[in-house]
Structures are given as C-alpha cells and as structure tokens.
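# Coordinate inspection notes
Next come the chains, spelled out residue by residue.
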2 protein chains.
Amino acid sequence: MTESPVHHEPPIYRRIADSLRSQILSGELRDGDRLPGENALMSEYGIARATARQALAVLINEGLAVPRRGSGVYVRLFRPIRRHGSRRLSREQWGQGRAIWDSDTRGRAYTVDEVHIERLPSAEEIGRVLDSDEVWVRRRRYSVDGRPVQLAASHFPADLVEGTAITLPDTGPGGVYARLGDLGYSPVHFTEEVRARMPAPHESELLRLPAGNPILIVARTAYTSGGIPVELNEMTMDAAAYVLQYDFDA
Amino acid sequence: MTESPVHHEPPIYRRIADSLRSQILSGELRDGDRLPGENALMSEYGIARATARQALAVLINEGLAVPRRGSGVYVRLFRPIRRHGSRRLSREQWGQGRAIWDSDTRGRAYTVDEVHIERLPSAEEIGRVLDSDEVWVRRRRYSVDGRPVQLAASHFPADLVEGTAITLPDTGPGGVYARLGDLGYSPVHFTEEVRARMPAPHESELLRLPAGNPILIVARTAYTSGGIPVELNEMTMDAAAYVLQYDFDA
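Thresholds, definitions, all that
Residues numbered from 1 in each chain as written. Chains lettered and ligands numbered in written order. Predicted model: local features only at pLDDT ≥ 70, side-chain atom pairs only at ≥ 80, totals over all residues. Heavy atoms only, no water. Helix = DSSP H or I, 4+ residues; strand = E, 2+ residues; numbered from the N terminus. Buried < 20%, exposed > 50% of the residue type's maximum accessible area, 1.4 Å probe, protein only. Contact = heavy atoms within 4.5 Å. Areas by Shrake-Rupley, 256 points an atom, 1.4 Å probe, with all protein chains shown as cover. Pairing = 2+ DSSP bridges. Axes fitted to C-alpha atoms, helices over the stretch in contact; angles between N-to-C directions. Salt bridge = Lys/Arg side-chain N within 4 Å of Asp/Glu carboxyl O. Arc of directions from axis to C-beta. pLDDT = per-residue confidence, 0-100. Core = buried A, V, L, I, M, F, W, Y, C linked by side-chain atoms within 4.5 Å.

## Overview of the overall build of chain A
Scanning chain A for helices and strands turns up 7 helices and 10 strands. The 250 residues of chain A split such that 54% are buried. For chain A, contacts bridging at least 24 residues in sequence account for 59% of all contacts bridging at least 6. When the accessible surface of chain A is totalled, it reaches about 11,300 Å², and 50% of it is carbon and sulfur.

This is the structure:
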C-alpha cells in the first residue's frame, strides 16, 4: 500500500513474496489456505529450494502466514478485535464509524482462564507509579474463539485493597472498579501507554504465538478525581489480534 | 517482570537468556555493551555452541540486543520517544507525571528527509475513510539523533486541497492544519488506530531495522467540527523507539 520513495529492483524471493502477499491482501488467498509449497515455487519460477524457502519466510515474518510442521505454510489472517481506549469521546458521534482497518465490531465473547491472585512486593516501576511497596495482582488470560489473545495483570496498592473482594476470585457486582468506588476511590482519569516488542518465551507460550509474531503492551493507569493512582493494568496482546482505537478532540 | 502463571523448568539457553536480560534491564549491561560471546558462554556454562547461539538469539529476537557482523552481539537500548496522542486531557493535570516506562521527555530534535509529494488514486481503505477517489500524499521520514524512527504519509482528499500549499514542499506558516483552516476545514476531532506487525522489506530498509524488530503503525484521521474527514496520516514507527501515550477521562 505504501510505496517506498527509494527504489531498487528487488531480488526474486522478494518478488515472489510480493506476489503472494498481494494474493493474500486482495482476498484471492484466504485465511487457512495453503500457500504454494517449496517444490511448486521451484518449478514455477525455476529457482533453488533455498530461494523458495526465503520467499515463504518473508510472509511468515510479516505474520501473514504460519508454517505447520510437516504440512506446509498457511495463510494466517484474523479479523482483529477493535479495542476502544475511551468510549466517552467516541468517533461514532462525528466520523460515521469510518475506520482504516477492518475489524470485528461485534462484541465477540472473551473467555477468561489462568486467573491468579497474589500479594507481592512491587516491581520497581510499578511501585513508582502506584506509590506502594506492595501490590495485590490479579492475572488472567483472555481468549476469543478458543485463541488466547491477551494476558492482563492488574496491580493495586496492597494496603488500599487489603481485605476487599479485589483480593478474591469473585470481585462481586460491578467488579474491581465498583469495589474501588466502595472504598471512596473511584477511577475517573486514565492513562494508557502503548508499546510493541517481540515476546519473551513465557509470553509466546501463554499466547501460543507463532515465531515472529510481535506483541502490543498497554499499561493502563487509573486515577481518582484527586489524582491518586489506584490501578495499573498491564495488558500483553497478540499484535495480530488487536486494533487499538483512541478518539480525542483538538 | 511478569511471572507466568504456568511454570516449567526452562531449558539452559533460556536460563542464560534470562540472566543476560536481567543484567540489561537492571542497567548492569548498558546500551552498546558487548554481550559475552559464544565461546565465553560455552566455557562459562559448559554448553555447546548451538546452545550459546540460541541464548543470544532470544535477546536478539526480543530487540534487546543486535548482532554486528563479525564482531559479536551488543546491547541495543534506546530511550524511547514519548508521543502524546492528546495534549488537552493531559495526565500532568492529575497524575504528577508518573509513567510506567522510562522515556525521553525532552523534545529531541527530529530531522526530516525523503519528502515526497504526489497526487494519486486512493488505496481502497484510504479512499473509504477520506470519501475521495484521489488523494494528495505527503510522505517523509523522521530521524532522531541520526537514527530513522518514523515514516509518515499524510493523505488529503485531492479536490479539497488542489492548488493549495498542501501540495507544495513548503506548506507555509502553521503547516497543513493552518492551510486546512484557510479553506474552512480546520481539524478538531481525531481518531488514532494503533497496530503492530513485523515490517515489510522496504519498511525495514527505510527505518534501518535490525532483523526481528517490529513496527508500530498509527493511522490518525482528522475530522472537522462538521465530521468531514480531511486528513489521514499513516505513521510507521520503529517499535523500539516509541511509547505512545493517551490520556482520557471515564
């Protein structure tokens, strides 16, 4: 889509990758379709096996295809989940719902597993944000259609939430924000910090990521009206599964 | 920092990678430091060369280290640039400037090169967002301290901006937004859609990315008070160079 302002005649493996990429992005090849194998590419283009492998590796590295052991390379598309940072200033009010990236706007059902709650000493940067040496942490994994898409770890200042349902598996009606409200610490301001990087090995395992699949990390801090930080939720997302949307005014 | 709720005894190459990662993240090893080589790891841990290589590959894949041909593997840290999505609802008002990730808050100077301006038929999804079959596109590359960090491509509805300074290298005082204002189309609402993926080959080249370095993509659409989309800026960023920050109220 974006043409480089610097032009080179690309090597053959790239031209093959470009052609396959176009077929994927145009919809000619669909999610789950098998790409031409090394043998097919070798005879179609008159190239060596290493070159055919290189062409397929380009698409695997871009996250558009995934190898299945002993079976070939398959198109891997996923309609990403659209996650709205703010619902108050919604583009629906002014933008007629336009969006650059296609996504699934139906609320697909999340399932939650691997729930794990504990009181711990704060990691350095979390202690600094929450102004607290110890935290209660609620970890869970979210899946959509059986595919793990997000790990979330909500951190709360330990002394603030000690003895409340925030430290229990069932947080009661309205969840953790209602419980913070019960304490007189309703969150009303939010900051989200967004980064992307390659996953660490345990993140790859928990999200069942294919090699070469990056992650998005969103660190969301919630503040009371008085500016007291009451929650830091670190969300680790399969980058192929999410579009993050933020709407704001000038 | 985030402990997995599922525990395995990790293989030796991971334990070596974990140890090196801790040294990097604690600051014991600094940006530009050479990591222990394959030979040093082999004799220190009594492992095979392939295992030593695997340990180093973990850190390279995570973007924490970069190989230099014939010279070894080096720590590659970069204090990321903090980019604020919205300046109106700023956390500085309530959050005492707390942030989970360290970043460079001084405004480091951007340099711009590779400026390229042309009128083109709209790519499908851009035409849909801007409601226009043709666009004027302004492409440029931004660098900080000599390192390319961002490619940006601003798209404008072609008929709206035809004949204005938006189609010229020098857009005049106040830039493209002032020129849109001159036309009676000041942008006041913004939507940003954020994704991450591995770069395509031409993106890697233009941003000079090491292998295994993902990119962040921000598609920013600007709307007038009447809800007319007047600009779509697609920004492609070295993920290692940026933290995106968004502040909003409940």
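Next, the rest of the story.
## Description of the sheet that holds strand β10 (residues 242-249) of chain A
Pairing is mixed across the open sheet formed by 8 strands, whose spatial order is β3(A)-β10(A)-β7(B)-β8(B)-β9(B)-β6(B)-β5(B)-β4(B). This sheet does not close on itself; its edge strands, each paired only once, are β3 (81-84) of chain A together with β4 (110-121) of chain B. In this sheet, adjacent strand axes meet at a mean angle of 20 degrees when their direction is disregarded. Across 4 bridges, the pairing between β3(A) and β10(A) is parallel. What sits directly across from A:His84, in β10(A), is A:Gln245.

## Some words on the pattern of salt bridges
Residues and elements named next belong to chain B. Counted by the stated rule, this structure contains 33 salt bridges over all chains. Residue Arg83 is joined to Glu192 by a salt bridge in which the shortest nitrogen-to-oxygen separation is 2.9 Å. Of this pair, Arg83 sits in strand β3 (residues 81-84) while Glu192 sits in strand β7 (residues 189-197), placing them 109 residues apart in sequence. Using a relative accessible area of 13% as the deciding quantity, one classes Arg83 as buried. Accessibility expressed as a relative area gives 0% for Glu192, which makes it buried.

## Quick word on helix α6 (residues 175-182) of chain A
The complete set of buried residues in α6(A) reads A:Gly175, A:Val176, A:Arg179 and A:Leu180. Viewed along the axis of α6(A), the buried residues span an arc of 160 degrees, placing them on a single side of the element.

## Re the pairing of strand β8 (residues 215-223) of chain A
All names here are of chain A. Counting buried positions along β8 gives 9 out of 9 residues, so the element sits mostly inside the fold. By the alternation rule, side chains of β8 split into Ile215, Ile217, Ala219, Thr221 and Tyr223 and Leu216, Val218, Arg220 and Ala222, which are all buried. When strand β7 (residues 189-197) meets β8, the two strands line up antiparallel, connected through 9 bridges. The residue bridging His189 from the neighbouring strand is Tyr223, located in β8. Between the antiparallel neighbours β8 and strand β9 (residues 229-238) lie 5 residues, among them Gly227 with a positive phi of about 85 degrees.

## Here's the deal with the side chain of A:Thr171
Residue and element names in this part refer to chain A. Within the element layout of this structure, Thr171 appears in the loop between α5 (158-161) and α6. Using a relative accessible area of 12% as the deciding quantity, one classes Thr171 as buried. Excluding residues within four positions of it along the chain, Thr171 makes contact with Arg138, Ala165, Ile166, Val176 and Arg179.

## Concerning the sheet that holds strand β6 (residues 147-157) of chain A
An order of β4(A)-β5(A)-β6(A)-β9(A)-β8(A)-β7(A)-β10(B)-β3(B) is seen for the 8 strands of this open sheet, with the pairing classed as mixed. With partners counted over all chains shown, the strands left at the sheet margins are β4 (110-121) of chain A together with β3 of chain B, one partner each. Direction aside, the axes of adjacent strands within the sheet are offset by 20 degrees on average. In this sheet, strand β5 (residues 134-144) of chain A lies alongside β4(A) in antiparallel orientation, the contact comprising 10 bridges. For A:Arg119, the partnering residue across the bridge sits in β5(A) and is A:Trp136.

## Quick look at unusual backbone geometry
Backbone geometry at A:Arg208 places phi at a positive 50 degrees, although glycine is not the residue there. When you line up the elements, A:Arg208 lands in the loop between α7 (201-207) and β8. Unlike most non-glycine residues, B:Asp131 shows phi in positive territory, near 55 degrees. On the secondary structure map, B:Asp131 appears in the loop between α4 (124-130) and β5 (134-144).

## Considerations on the confidence of the model for chain A
With 88% of its residues at a pLDDT of 70 or more, chain A has an overall mean of 86. By mean pLDDT, the top-scoring element of chain A is α5(A) (97), and the lowest-scoring one is strand β1 (residues 65-68) of chain A (84).

## Notes on the nonpolar core
A:Val194, A:Leu216, A:Leu244, B:Val194, B:Leu216 and B:Leu244 are the most contacted members of the largest nonpolar core, which has 54 residues in total. In contact with B:Leu216, not counting residues within four places along its chain, are A:Ala196, A:Leu216, B:Val194, B:Arg195, B:Ala196, B:Met235, B:Thr236, B:Met237, B:Ala239, B:Tyr242 and B:Leu244.

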